[in-house]
Amino acid sequence: MNAPEPTDAAIAALREPLRAGAAALGLALDEAQLGGLLAYVELIGRWSRVYNLTAVRTPADMLTHHLLDSLAVIAPLRRQLGTGVRGRRTRLLDVGSGAGLPGVVVALVCPDIDVTCVDTVAKKAAFVQQVAAALRLPNLRGLHARVESLSAAQGQGFDVVASRAFASLADFTAWSRAALAEGGIWMAMKGKPPHDERAALPPTVAVFHVEPLTVPGLDAERCIVWMRPAPPHDTPAPPALT
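Per chain, residues are indexed from 1 in the order of the written sequence. Where local features are concerned, this predicted model is filtered to residues with pLDDT of at least 70; where side-chain atom pairs are given and counted, the filter is 80 or more; whole-chain, interface and lining totals use all residues. Side-chain numbers here rest on the full set of heavy atoms in the structure, without hydrogens or water.

1. Some thoughts on helix 7 (residues 122–134)
- Strands are runs of DSSP state E lasting at least 2 residues, helices are runs of H or I lasting at least 4, and numbering of each runs from the N terminus. Here, expected helix span is obtained from the residue count minus one, scaled by 1.5 Å. When the terminal C-alpha atoms of helix 7 are compared, their 18 Å separation across 13 residues agrees well with the 18 Å that a helix rising 1.5 Å per residue should span.
- For helix 7, the complete set of buried residues consists of Lys124, Ala125, Phe127, Val128, Val131 and Ala132. For helix 7, the buried positions fall inside an angular range of 155° around the axis, keeping them on one side.
- Directly after helix 7, the chain includes arginine 136, whose backbone phi takes a positive value near 55°. Any residue under 20% of the maximum accessible area for its type is buried, any over 50% is exposed, and the rest in between are partly exposed; the area is computed with a 1.4 Å probe on protein chains only. Working definition: the arc comes from the directions between the helix axis and the C-beta atoms, pointing outward to the latter.

As structure tokens, this is what we get:
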């Protein structure tokens, strides 16, 4: 039996917990961003009644498992992007995006990042397109495709290729390698640090940081595995972060 669609009052009641949770993550969201995130939750609830976008249905769980879990990557992402000057807007690809997590949240909070959410399920890509239109996010795009079909040809690669509980690290990096721009990095959101998955990575992929995350209100381990293509053997590797 489907859970009831969240009511307007239930979603409105998330505003202050959302503001507090974001502040705990070091983010000061303005009223437009708060409103956009809450409108996004409302759209997820409405579409999930028909298309089953997500198994998470209650407002409280949407707050922790969807919004705050995705917001937890914003500060780490900013730190990774803050050292380089690319001369153009940053491009991020969210692989296997589903309902748009974390891609929609990144697009809402970081208007300077162009986000493409790719999924093999047409209805999920269509949902992201609807979110982009409804929330007036010109930096957000939903794409119905297999990530293996994307490439960095003609300078259209992505500076960050991200995923959230999508696949093993080996599969994620192999399938998305052609979409990565020169100098780009992978951002894999995981639960517990995936030691076995790291061990299974090919030598062409280098893990340079495993970053633990603390998600307010969520009693579960979270981390980001940051990776980049390994340099040729005759080129010194960048220093590893711990």
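2. Comments concerning the side chain of serine 48
- Note that serine 48 resides in helix 3 (residues 31–51).
- A distance of 2.8 Å separates a polar atom in the side chain of serine 48 from the backbone oxygen of isoleucine 44.
- Excluding residues that lie within four positions of it along the chain, serine 48 makes contacts with Leu53, Thr54 and Arg57. N or O atoms closer than or at 3.5 Å make up a polar contact, with two conditions inside protein: a donor-capable atom paired with an acceptor-capable one, and, for residues adjacent in sequence, both atoms drawn from side chains. What makes two residues a contact is simply this: any of their non-hydrogen atoms within 4.5 Å.

3. A look at the packing of aromatic side chains
- Ring geometry is summarised as follows: Phe, Tyr and Trp rings, the Trp one being its six-membered ring, pair when their centres sit within 6.5 Å, and such pairs are stacked at plane angles under 30 degrees, edge-to-face over 60 and tilted between the two. Counted by the stated rule, this structure contains five aromatic pairs.
- Ring geometry for tryptophan 47 and tyrosine 51: centres 5.3 Å apart, planes at 40°, overall tilted. Taken together, the residues span about one helical turn, with tryptophan 47 and tyrosine 51 both in helix 3 at a distance of four residues.
- The exposure class of tyrosine 51 is partly exposed, given its relative accessible area of 36%.
- An aromatic cluster of at least three residues, connected via ring pairs, comprises Tyr40, Trp47, Tyr51 and Phe127.
- Sitting over a ring, as applied to charges here, requires NZ of Lys or CZ of Arg to be within 6 Å of the ring centre and within 35 degrees of the ring normal. If you follow arginine 228 out to its NZ or CZ, it ends over the ring of phenylalanine 208, 4.0 Å from the centre.

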